[in-house]
Amino acid sequence: MRYIDLRSDTVTQPTEAMRQSMLHAEVGDDVYGEDPSINALEHKGAELLGKEAALFVPSGTMSNLLAMMSHCQRGEGAVLGSASHIYRYEAQGSAVLGSVALQSVPMQADGTLALKDVRAAIAPDDAHFVQTRLVCLENTHNGKVLPLPYLREMRDFVDEHGLLLHLDGARLFNAVVASGEPVAAIAAPFDSISVCLSKGLGAPVGSLLVGSHGFIARARRLRKMLGGGMRQAGILAQAALFALDQHVTRLADDHRRARRLAEGLASLPGVALNMEEVQTNMVFLRLTQGDPATLLGFMKERGILFSGYGELRLVTHLQITDDDIDEVIDAFTEFLNG
Ligand SMILES: Cc1ncc(COP(=O)(O)O)c(CN[C@H](C(=O)O)[C@H](C)O)c1O
């Protein structure tokens, strides 16, 4: 059975054209630095984001972990949003494996961290406290694009306080397409950026961690220590190169479909949905009538999957079509008009 799978853009599958590209990838042993496709991808990633170097990493979670461990020594602290992926959905790996203290602050409705909250979280220079070293942002956050002026303001803030700045840019290219800003402009304020290739871009595996030569050299050693050294993974890197060439501008289709889905659902009785938050490929909604678990079961019977409890999340992506959007709106209408 083919599902209309709106659980996440992590479910994207390689297209036939991408598979053909993968088939002919040049490969080598990446631990020796000899995989031509991985080297090409890392070079392209660094160049695109305007940084010195990049590292191909098996997952976004590992990419963020390497950033935290490369920036922060054992016992140093990182300030990040309490609803950020690094804080909530990466098993606190930075703390467990990297001994980095995670200093969470509230996230504002638009996905930003209030400077006053970040300032308050910075530990005083006193042996009773950790030494705060890093601030982490997430763009997009729950599908919302962080404004470029805010990113530049945060850069000035961390410079003022002698801190470093990391971006969890799992959906960076969604932010690029939605904002119209060049990727290098969005990346410029950050010391390091993690970019997922396996979400909306449609590669089967992988992320790129981008930063300075020294930072990436440390991250490369830590990746090996964590067992992330890869051999002939150029097959995967070639998919990512294909995605960067062919799947960036089409993210606008995902955004258009998400907006159309949201507009179709927002008008239904029993749905609470904020259209202003539908900025890229994610639609969040709450039911004001009916039980979310009952809805999820009703939808699954009709071959429609999405996630969330309380607040529901529907994510459009490479394999979601215009007809799928119509079908989902019709199914919601049937459920809510009972
Ligand atoms: C902002 C951000 N940063 C990092 C990651 C981790 O990427 P992976 O480790 O899954 O490759 C994710 C994955 N997000 C997944 C999803 O959205 O379905 C789940 C929640 O882990 C993410 O959303």
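Everything quoted here is computed from the prediction, not taken from an experiment.

(A) Inspection of the site of the ligand at higher detail. Of all residues adjacent to the ligand, which total 13 residues, the nearest are Ser8, Thr61, His85, Asp168 and Arg171. Contact between the ligand and His85: an oxygen atom at 2.8 Å from a side-chain N or O atom of the residue. In the environment of the ligand, a nitrogen atom lies 2.7 Å from a nitrogen or oxygen atom belonging to the side chain of Asp168. Protein contacts shield 78% of the accessible area of the ligand, which totals 510 Å² for the unbound molecule. The dominant element in the shell around the ligand, judged by the number of residues it contributes, is helix α3 (residues 60–71), at 3 residues. Looking at the shell around the ligand, its residues break down into 1 nonpolar, 6 polar and 6 charged.

(B) Looking closely at the UniProt feature "modified residue: N6-(pyridoxal phosphate)lysine" (unreviewed entry) in the chain. If you check UniProt for "modified residue: N6-(pyridoxal phosphate)lysine" (unreviewed entry), the listed places come out as Lys199 in our numbering. As for its placement among the helices and strands, Lys199 is situated in the loop between β7 (192–196) and β8 (207–211). If we ignore the near neighbours within four places in the chain, the residues touching Lys199 are Asp9, Thr10, Thr12, Ala170 and Arg171.

(C) Examining the pattern of salt bridges more closely. Per the stated rule, a full pass over the model turns up 21 salt bridges. When the shortest N-O distance is used, the salt bridge between Asp245 and Lys44 registers 3.2 Å. One end of the pair, Asp245, is in helix α11 (residues 234–246); the other, Lys44, is in helix α2 (residues 36–49), and 201 residues separate them in sequence. The class of Lys44 is partly exposed, set by a relative accessible area of 24%. The partner of Asp322 in a salt bridge is Arg257, and the shortest N-O contact between them spans 2.8 Å. Of the two residues, Asp322 is situated in helix α14 (residues 322–336) and Arg257 in helix α12 (residues 251–266); the sequence distance between them amounts to 65 residues. Taking relative accessible area as the criterion, Asp322 reaches 28% and is therefore assigned partly exposed. Among the charged side chains, a salt-bridge network with shared partners connects Asp253, Arg256, Arg257, Arg260, Asp322 and Asp326.

Procedures and definitions
Starting afresh in each chain, residues are numbered from 1 along the sequence in its written order. It should be noted that, the model being predicted, local features are given only for residues of pLDDT at least 70 and side-chain atom pairs only at 80 or more, the latter also being counted only at that level, while totals for whole chains, interfaces and linings use all residues. The basis for every side-chain value is the complete set of non-hydrogen atoms in the structure, without hydrogens or water. When at least one non-hydrogen atom of a residue lies within 4 Å of a molecule or strand, that residue is treated as near it. Nitrogen and oxygen atoms within 3.5 Å of one another constitute a polar contact, given that in protein one can donate a hydrogen and the other can accept it, and given that sequence-neighbouring residues count only through two side-chain atoms. Residue burial considers only the protein chains on display, and all accessible areas are found by Shrake-Rupley using a 1.4 Å probe. Working definition: helices are DSSP H or I runs of at least four residues, strands are E runs of at least two. Numbering for both runs from the N terminus. Residue type decides the class: Asp, Glu, Lys and Arg count as charged, Ala, Val, Leu, Ile, Met, Phe, Trp, Tyr, Cys and Pro as nonpolar, and the leftover types, Gly among them, as polar. UniProt positions are given in the numbering used here, feature names are shortened, and annotations may be inferred rather than shown by experiment. Should any heavy atoms of two residues lie within 4.5 Å, those residues are considered in contact. We define a salt bridge as a contact between a side-chain nitrogen of Lys or Arg and a carboxyl oxygen of Asp or Glu at a distance within 4 Å. For every residue, the accessible area obtained with a 1.4 Å probe (protein chains only) is divided by the maximum for its type, and the residue is called buried under 20%, exposed over 50%, and partly exposed between those limits.

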